[in-house]
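One letter stands for each residue in the lines below.
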Amino acid sequence: MPKWFSETLHPSVRQTLKIKEILYSGKTPFQKVQILNTEQFGKVLVLDGVIQTTEKDEFIYHEMMTQVPLFSHPNPRRVLVIGGGDGGIVREILKHPIEEVYLVEIDEQVMTLSKKYLRAICKGAFKDSRTRVRVEDGAQFITEQTDPFDIVMIDSTDPIGPAKVLFSKKFYQGIKRILNPAGILVRQTGSTVFQPNEWMGNYHQLKGFFSQVHPFVIAVPTYIGGFFSLVFASDQIDPRALDLTMLKARYGELQLKTRYYNPEIHQSCFRLPEYMKSRLLVEEMSQNAVNSTP
Ligand code: SAM
C-alpha cells in the first residue's frame, strides 16, 4: 500500500506527495522534522507539516533568493542568512567572491539532518572556510551585531512558531541598523494567491524602512498557489533599473552554473501580474493619503 504525505500549510488546499521511504521523523525543541524520499521530488525536508525544500525544485528558490541580490549589489562582501538550515542558500552565495557568509539557524538539528540526508542541496556549504554558522535566534543575533552586512537574506519558515519574530517591525528595524547604506534585504513572502496578506503585509512593513521595496515572483512546483513571492528591499538599489548588458557581463565573468536564474529572468521577475500591481497601487495611494494628511 503506497504511503502519501499531505502538506498542511494552507487551511483549505493540500498538496499530497507519494512517499518511497520515510528517511527521518522526529521532534526538535523547535519543530517537527521529517525527511521523506518521494517519487516526484526526491528527498523533501518538511518542518511542522510544511514543505521547505526538495531535491528536485530547490534550485529555483535558492538561486532566485541569492543571485538577484548578489548581482544587484555592486560589490557584496559580507552576507547574512537567517534560517537557511538546509544549506541551499549558502551554497548559492558561495558561488560569488564574498568574504564571509553568516548562517544563523535556530535549530541545529535541521543542519545536522540536512548534512546527513540532503547533501545534494547543501553540498559543501557548511564546510567552506567563508561560512560562519551560528545556532541562534536570528532576531537575537541581529541585536548583537556591530559590523555591517551588505546583504541579508531571510530564509525562514512561515510566520508560525520560531519564525514569527522574523516578520515584526522591530526585527526589520534591527535589520536596517546592521545593513550598509547600499545594503539589500531579501526574503520569501509566500504564495501570491493563497497567502496574499503575507506578501502585502511584508511589503507594507518594509516600505516603512526602505525607499526601494520590490516584490518579485518565481514559479516553484512545491510552493503551491500560483506565483511564489519574494521581496527585495534597499535604500539605494532599484533591481529593476539594472542594465541588462552589465548583468550579462557580471554573470559571464563569474561563469557560475545556474538552472533557473539568468540576467533576463533577473529583469523579468520584477514584472508583476495585474492582481499584484493593483494591490500595490492601492497601498501606494493609501500611503500618499496618510503622508499628505496635515
Ligand atoms: N527554504 C525554505 C522556505 O522557503 O520556506 C526555508 C528553509 S529553512 C529549512 C527554514 C529555517 O528557518 C528552519 O530550519 C528553521 O529552523 C529556521 N528558523 C525559524 N525561525 C528562526 C529564527 N527565529 N531564527 C533562526 N532560524 C529560524
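Conventions we followed
- Residues numbered from 1 in each chain as written.
- Predicted model: local features only at pLDDT ≥ 70, side-chain atom pairs only at ≥ 80, totals over all residues.
- Heavy atoms only, no water.
- Core = buried A, V, L, I, M, F, W, Y, C linked by side-chain atoms within 4.5 Å.
- Buried < 20%, exposed > 50% of the residue type's maximum accessible area, 1.4 Å probe, protein only.
- Helix = DSSP H or I, 4+ residues; strand = E, 2+ residues; numbered from the N terminus.
- Near = heavy atom within 4 Å.
- Polar contact = N/O pair within 3.5 Å; in protein donor to acceptor, adjacent residues only side chain to side chain.
- Nonpolar A, V, L, I, M, F, W, Y, C, P; charged D, E, K, R; others polar.
- Domains from an automatic or database assignment.
- Pairing = 2+ DSSP bridges.
- Axes fitted to C-alpha atoms, helices over the stretch in contact; angles between N-to-C directions.
- Contact = heavy atoms within 4.5 Å.
- Phe/Tyr/Trp six-rings, centres within 6.5 Å; stacked < 30°, edge-to-face > 60°.
- Lys NZ or Arg CZ within 6 Å of the ring centre and 35° of its normal.

Chemist: Explain the nonpolar core to me, using residue names and the numbers behind them.
Modeler: Grouped together as the largest cluster of nonpolar side chains are 40 residues, with contacts concentrated most on Tyr-61 and Ile-93. It is helix α1 (residues 58-72) that contributes the most residues to this core, eight residues altogether. Ile-175, Ile-178, Val-213 and Val-217 belong to the second-largest nonpolar core, a separate cluster that totals 31 residues.

Chemist: So what's going on with the site of the ligand? Residues and values would help.
Modeler: The environment of the ligand is made up of 26 residues, and the closest members are Gln-31, Glu-105, Gly-138, Asp-155 and Pro-162. Measuring from a nitrogen atom of the ligand, one finds a side-chain N or O atom of Asp-137 at 3.1 Å. Looking at the shell around the ligand residue by residue, the class counts come to eleven nonpolar, nine polar and six charged. Both domains that meet at the shell around the ligand, namely domain 1 (3-52) and domain 2 (58-292), each give it at least three residues.

Chemist: Hey, could you go over the sheet that holds strand β6 (residues 78-83) for me, with residue numbers and the actual values?
Modeler: A sheet is described by the order of its strands in space; here seven strands give the open sequence β8-β7-β6-β9-β10-β12-β11, paired in mixed fashion. The outermost strands of the open sheet, each flanked by one partner alone, are β8 (131-135) and β11 (212-218). If you compare each strand with its neighbour and ignore which way they point, the axes differ by 15° on average. Bridge count between β6 and strand β7 (residues 100-105): five bridges; the pairing is parallel. By the bridge assignment for β7, Arg-78 is matched with Glu-100. This element, α1, spans β6, β9 (149-155), β10 (179-191), β11 and β12 (228-234) of the sheet and lies at about 160° to β9. Contacts from helix α7 (residues 196-207) reach β10, β11 and β12 within the one sheet, and its direction differs from that of β10 by about 165°.

Chemist: Before we move on, can you summarise the packing of aromatic side chains with the specific residues and values?
Modeler: The full count for this structure, using the stated rule, is twelve aromatic pairs. An angle of 45° between the planes, with centres 4.6 Å apart, marks the rings of Tyr-223 and Phe-228 as tilted. Take Tyr-223 and Phe-228: they sit in the same class, and that class is buried. Cluster of aromatic residues (ring-pair linked, three or more members): Tyr-61, Tyr-223 and Phe-228. Over the ring of Phe-126 we find Lys-115; its NZ or CZ atom is 5.0 Å from the centre of that ring. Here Arg-187 stacks its cationic end above the ring of Phe-167, 3.8 Å away from the centre of that ring.

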